[in-house]
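A closer look at the structure
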Amino acid sequence: MVVDQSFNIRISGQRLGIHEFDFSVDDSFFSAFEHAQIQVGNVSVHAEMDRKEREFDIRLSLKGWVEQTCVRCLELGRLNIAAEERLFFELHPIDAVEETDDEIIRLPMDILELNLSQPIYEMIALCLPMRFTCETIKQTCDPEMEKLIQGESNEKMDDQDVVDPRWEALKKLK
Ligand SMILES: [Zn+2]
């Protein structure tokens, strides 16, 4: 299996029919995204492109794990992920590319290659739970850490009540 880390698919001059690509997502992939919710992970991505004359579609399937931090005890955990998606593209003269459609992504006819980093990142991000805890991966929180963190966040809340000037201002309005 040829593993490619460019996340590029050649479009220009590609013969019609099915083309398959394999990509590998690692820590360096995530570091390219600003404010990424993920820093560490290992995900294999398979892409199957069905190339036609003026349009094509790409089936993306991915499988692997990403590291997440438990919101209760700050323990790191490996979350297994898997996702599939199908993207549709159309090739258009450059002046018609701007008229976008929700379902179909328009690309200029002379495009050389297509980079799949963004859709792959979005697919991975959609696999993340709203709130990751040790329980998500059927593990138990570190009770000592949990107590410590819980205590700290309670203290912070108390402080806010006292010092927040917006509340003081509101009280004066009464
Ligand atoms: Zn935990």
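Residues numbered from 1 in each chain as written. Predicted model: local features only at pLDDT ≥ 70, side-chain atom pairs only at ≥ 80, totals over all residues.

What follows deals with the overall build of the chain. Looking only at helices and strands, one finds 4 helices and 7 strands in the chain. Along the chain, helices (α) and strands (β) appear in the sequence β-β-α-β-β-β-β-β-α-α-α when read from the amino end. Here the chain holds 174 residues, and 14% of them are scored as buried. Sequence separation of at least 24 residues holds for 56% of the intrachain contacts in the chain that already meet a minimum separation of 6. (Helix = DSSP H or I, 4+ residues; strand = E, 2+ residues; numbered from the N terminus. Buried ≥ 20, exposed ≤ 12 C-beta atoms within 10 Å, placed from the backbone. Contact = placed C-beta atoms within 7 Å.)

Where strand E2 (residues 17-25) lies against strand E3 (residues 41-51), 9 bridges are found, and the strand directions are antiparallel. Within E3, the residue paired with Ile18 across the bridge is Asp50. As defined by bridge partners, E3 adjoins strand E4 (residues 55-69) across 11 bridges and the pair is classed as antiparallel. Within the sheet, the bridge partner assigned to Val43 lies in E4 and is Gly64. The turn joining E3 and E4, which pair antiparallel and follow one another in sequence, is formed by 3 residues. (Pairing = 2+ DSSP bridges.)

Pairing is mixed across the open sheet formed by 5 strands, whose spatial order is E2-E3-E4-E5-E6. Only two strands of the sheet have a single partner each, and these edge strands are E2 and strand E6 (104-108). Here the strands of the sheet are splayed against their neighbours by 25 degrees on average, with no regard to which way each runs. Running at roughly 50 degrees to E4, helix H2 (residues 117-126) makes contact with E2, E3, E4 and strand E5 (76-92) of the sheet. (Axes fitted to C-alpha atoms, helices over the stretch in contact; angles between N-to-C directions.)

Residue placement: Val71 occurs in the loop between E4 and E5. Excluding its chain neighbours within four sequence positions, the residues that come into contact with Val71 are Arg131, Phe132 and Thr133.

We now examine unusual backbone geometry. The residue Phe7 is not glycine, and still its phi comes out positive at about 65 degrees. As for its position among the elements, Phe7 is in the segment before strand E1 (8-10). Although it is not a glycine, His35 sits at a positive phi angle of roughly 55 degrees. Residue position: His35 is located in the loop between helix H1 (27-31) and E3.

Below, the discussion takes up the nonpolar core. Grouped together as the largest cluster of nonpolar side chains are 21 residues, with contacts concentrated most on Val45, Ala47, Leu60, Leu62, Ile120 and Ile124. If we skip the residues at most four places from it in the chain, Ile124 touches Ile38, Val43, Leu62, Val66 and Ile81. (Core = buried A, V, L, I, M, F, W, Y, C linked by C-beta atoms within 7 Å.)

Below, the discussion takes up H2. Working note: α-helix, 3.6 residues per turn, so residues spaced by three or four point in the same direction. Buried within H2 are the following residues: Ile120, Met123 and Ile124. Projection of H2 onto a plane perpendicular to its axis shows the buried side chains occupying an angular sector of 95 degrees, all on one side. Turned more than 90 degrees from where H2 packs its buried face, Gln118, Glu122 and Leu126 sit exposed. (Arc of directions from axis to C-beta.)

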